[in-house]
Amino acid sequence: MRQISLIVFALSLYWPLSVAAKITIITTTEDVASIVHEIGGNQVNVSSLIQGNRDPHYAQAKPSMIRQLSRADLLFVIGADMEVGWLPAALRNARNPRIQAGQEAYIDLSRSVDLIGVVTTSVSRADGDVHAKGNPHYWLNPLNGLKMAQVITDTLSQHSPQHSTFFASQLLQFNTKLQTAYAQWQTQLSFLQGKKIMTYHTSLDYLAQAFGFSIVAQLEPKPGIAPTAAHLRGLIKTIKQENIHYLLMEQFYEQGSAKLLQRQTDIRVIRIPQSVGANTEINTYTELFESIVSRFQEAH
Ligand SMILES: [Zn+2]
């Protein structure tokens with residue numbers, strides 16, 4: 001009897017410890033979740049608040065989201081106001097003091113990258129949904145993925161120092177794989193160098209930075225504002241005058257405006273995934289770029 005109770009006692013000690021050993025991590029987007037997964041491996045339980053096939057500017061603070069947040073040890077966000085429309089409410093309702101903005105377990109990844117387009121003058125609602133803190137779509141440059149992975153590794157090592165060697169070796173693998181792939185993608189997309197491209201939203205500036213093309217116009221007259229007939233008429237002129245080759249847009253945007261431009265001009269429309277999880281075959285950060293590269297090659 002004594003032996004059995006000893007065994008039970010030993011198991012009760014072991015089980016909660018082994019479960020607690022995994023770090024519960026919540027990220028706002030699947031891109032971040034996929035990098036956390038690659039660095040943290042079996043030491044982490046990671047899930048994303050929004051799915052990669054959705055427009056990350058908008059989300060609803062659903063009960064499932066609040067439940068996820070209430071259990072988190074660490075929260076990684078894109079930051080630069082990307083989640084400003086929905087995350088603060090979800091965090092308030094989750095009542096998890098560890099991960100509130102400003103706490104150590106609330107990690108804003110935008111601080112680790114150089115943001116494009118930080119607005120220094122004042123902006124009003126009339127300017128549209130401007131990202132005044134800088135363009136938050138930075139994960140679309142693989143070099144920023146390396147920076148995000150570094151912050152994630154540092155955070156995990158700080159949280160679980162006993163696994164820091166493991167996290168460091170995972171980071172090395174991630175970096176090697178991504179750097180090798182990036183060099184290859186640059187070669188595959190070398191035909192884009194100096195090409196003039198139009199996008200739907202101001203979200204693809206980092207992709208342009210990574211692959212050397214220039215974005216000369218947007219379908220949205222102002223960020224977050226749907227294209228108007230007058231704006232589209234102006235764009236038809238611009239496309240012809242400037243000889244714009246491609247319209248590059250995320251899959252979740254309406255296609256009516258793009259089709260209109262396609263009928264009136266020679267522009268080629270390329271619809272791309274903007275996040276891990278945008279399509280079922282995109283499960284990793286590397287697979288996201290592989291998919292984007294192949295969309296460009298198909299349109300070339
Ligand atoms: Zn945006």
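Because the structure is a prediction, the values reported are computed rather than measured.

Asker: How should I be thinking about the overall build of the protein in this particular structure?
Answerer: The number of helices and strands found in the protein is ten helices and eight strands. The principal-axis extents of the C-alpha atoms in the protein amount to approximately 85 × 40 × 35 Å. Within the protein, the proportion of its 300 residues that are buried is 47%. Looking at the protein alone, contacts between residues at least 24 apart form 64% of all its contacts between residues at least 6 apart. Here the protein displays about 15000 Å² of accessible surface, and carbon together with sulfur accounts for 52% of that area. In the protein, 25 positive and 23 negative side-chain charges are present, and the distance between their average locations comes to 5 Å.

Asker: Explain the environment of N93 to me, please; I cannot follow it from the model alone.
Answerer: Considering the arrangement of structural elements, one finds N93 in helix 4 (residues 87–94). Under the relative-accessibility criterion, N93 is labelled partly exposed at 45%.

Asker: When you look at the packing of helix 3 (residues 63–70) against helix 4 in this model, what are you seeing that I'm missing?
Answerer: Two quantities define a packed helix pair, namely the angle between the helix axes and the distance between the axes. For the pair helix 3 and helix 4, interaxial distance at closest approach is 8 Å and the crossing angle is 60°. In terms of orientation, helix 3 and helix 4 fall into the oblique class. By crossing handedness, the relation of helix 3 to helix 4 is classed as right-handed. Seen from helix 3, the contacting residues are M65, I66, L69 and S70; seen from helix 4, they are L87, A90, L91, N93 and A94. Counted by class, the contact of helix 3 with helix 4 contains seven nonpolar, two polar and no charged residues.

Asker: Could you clarify how one ought to interpret the pairing of strand 1 (residues 23–27) in this entry?
Answerer: Each regular strand carries side chains that alternate between the two faces of the sheet. Counting buried residues along strand 1, four of its five residues qualify, which places the element largely inside the surrounding structure. Sheet analysis places strand 1 next to strand 2 (residues 44–48), joined by five bridges and oriented parallel. If you follow I25 over to strand 2, its bridge partner there is V46. At this point the chain moves from strand 1, through helix 2 (residues 30–40), to the parallel strand 2, and the crossover so formed is right-handed.

Asker: When you look at the nonpolar core in this model, what are you seeing that I'm missing?
Answerer: The tendency in soluble globular proteins is for nonpolar side chains to be buried side by side. Core analysis: the biggest nonpolar cluster contains 69 residues, and L69, L207 and F296 have the highest contact counts within it. Formed jointly, this core draws a minimum of three residues from each of two domains, domain 1 (7–180) and domain 2 (184–299). For F296, the residues in contact, after removing those within four places along its chain, are L189, F191, L192, I197, L207, F213, L248 and I270. The next biggest cluster of nonpolar side chains, apart from the first, holds 15 residues, and it includes M198, I239, L261 and I267.

Asker: Would you mind showing me how to read helix 4 here?
Answerer: For an α-helix, the turn length of 3.6 residues means that residues three or four places apart are oriented alike. All of the buried residues in helix 4 are L87, A90, L91 and A94. Taken around the axis of helix 4, the buried residues stretch over an arc of 100°, which confines them to a single face. On the buried face of helix 4, the contacting elements are helix 3, strand 3 (74–77) and strand 4 (106–108). Positioned one or two residues after helix 4, R95 has a phi angle of 50°, which is positive.

Asker: Honestly, the sheet that holds strand 2 in this entry has me stumped. Any pointers?
Answerer: Either a parallel or an antiparallel arrangement is found when strands of a sheet pair, and the pairing is made through backbone hydrogen bonds. If you walk across this open sheet you meet the four strands as 2-1-3-4, and the pairing is parallel. The outermost strands of the open sheet, each flanked by one partner alone, are strand 2 and strand 4. Across the sheet, the mean angle separating the axes of adjacent strands is 20° when strand polarity is ignored. Judged from the three bridges that link them, strand 3 and strand 4 form a sheet pairing that is parallel. Bridging from a neighbouring strand, V77 pairs with D108 of strand 4. Of the strands in this sheet, strand 1, strand 2 and strand 3 are in contact with helix 2, which crosses strand 2 at around 170°.

Asker: Sorry if this is basic, but what is going on with the sheet that holds strand 7 (residues 246–250) here?
Answerer: With respect to topology, four strands assemble into an open sheet ordered 6-5-7-8, the strand pairing being parallel. Both edges of this open sheet fall to strand 6 (214–218) and strand 8 (268–272), since each of them pairs with a single strand only. Across the sheet, the mean angle from the axis of one strand to that of its neighbour is 35°, orientation sign disregarded. The pairing of strand 5 (residues 196–199) with strand 6 spans four bridges and is parallel. Looking across to strand 6, one finds that I197 is bridged to I215.

Asker: Help me understand the packing of helix 5 (residues 142–159) against helix 6 (residues 164–188), please; the structure alone is not making it clear to me.
Answerer: Two elements in contact, helix 5 and helix 6, have axes separated by 10 Å at closest approach and are oriented at 175°. Relative to helix 6, the element helix 5 lies roughly antiparallel. Two secondary-structure elements touch here, helix 5 through P142, L143, G145, L146, A149, Q150, T153, L156 and S157 and helix 6 through S164, F167, A168, L171, F174, N175, L178, Q179, Y182 and W185. The residue inventory of the contact of helix 5 with helix 6, partitioned by class, reads twelve nonpolar, seven polar and no charged.

Asker: Mind showing me how you'd approach the environment of L219 here?
Answerer: Looking at where L219 falls in the secondary structure, it is placed in the loop between strand 6 and helix 8 (229–242). Relative accessible area serves as the criterion here: at 0%, L219 is assigned to the buried category. L219 sits 29 residues away from L248 along the chain, and the two C-alpha atoms are 9.8 Å apart. Filtering out sequence-adjacent residues up to four positions away, L219 remains in contact with T199, Y200, P227, H231, L232, L235, L247, S257 and L261.

Cut-offs and rules
Residues numbered from 1 in each chain as written. Predicted model: local features only at pLDDT ≥ 70, side-chain atom pairs only at ≥ 80, totals over all residues. Heavy atoms only, no water. Helix = DSSP H or I, 4+ residues; strand = E, 2+ residues; numbered from the N terminus. Buried < 20%, exposed > 50% of the residue type's maximum accessible area, 1.4 Å probe, protein only. Contact = heavy atoms within 4.5 Å. Areas by Shrake-Rupley, 256 points an atom, 1.4 Å probe, with all protein chains shown as cover. Lys, Arg positive; Asp, Glu negative; His and termini not counted. Charge placed at Lys NZ, Arg CZ, Asp CG, Glu CD. Axes fitted to C-alpha atoms, helices over the stretch in contact; angles between N-to-C directions. Parallel < 35°, antiparallel > 145°, perpendicular 65-115°, else oblique. Left-handed = near helix turned anticlockwise from the far one by under 90°. Nonpolar A, V, L, I, M, F, W, Y, C, P; charged D, E, K, R; others polar. Pairing = 2+ DSSP bridges. Right-handed = clockwise from strand over helix to strand, strands pointing away. Core = buried A, V, L, I, M, F, W, Y, C linked by side-chain atoms within 4.5 Å. Domains from an automatic or database assignment. Arc of directions from axis to C-beta.

By themselves, these figures tell us nothing about what the structure is for.
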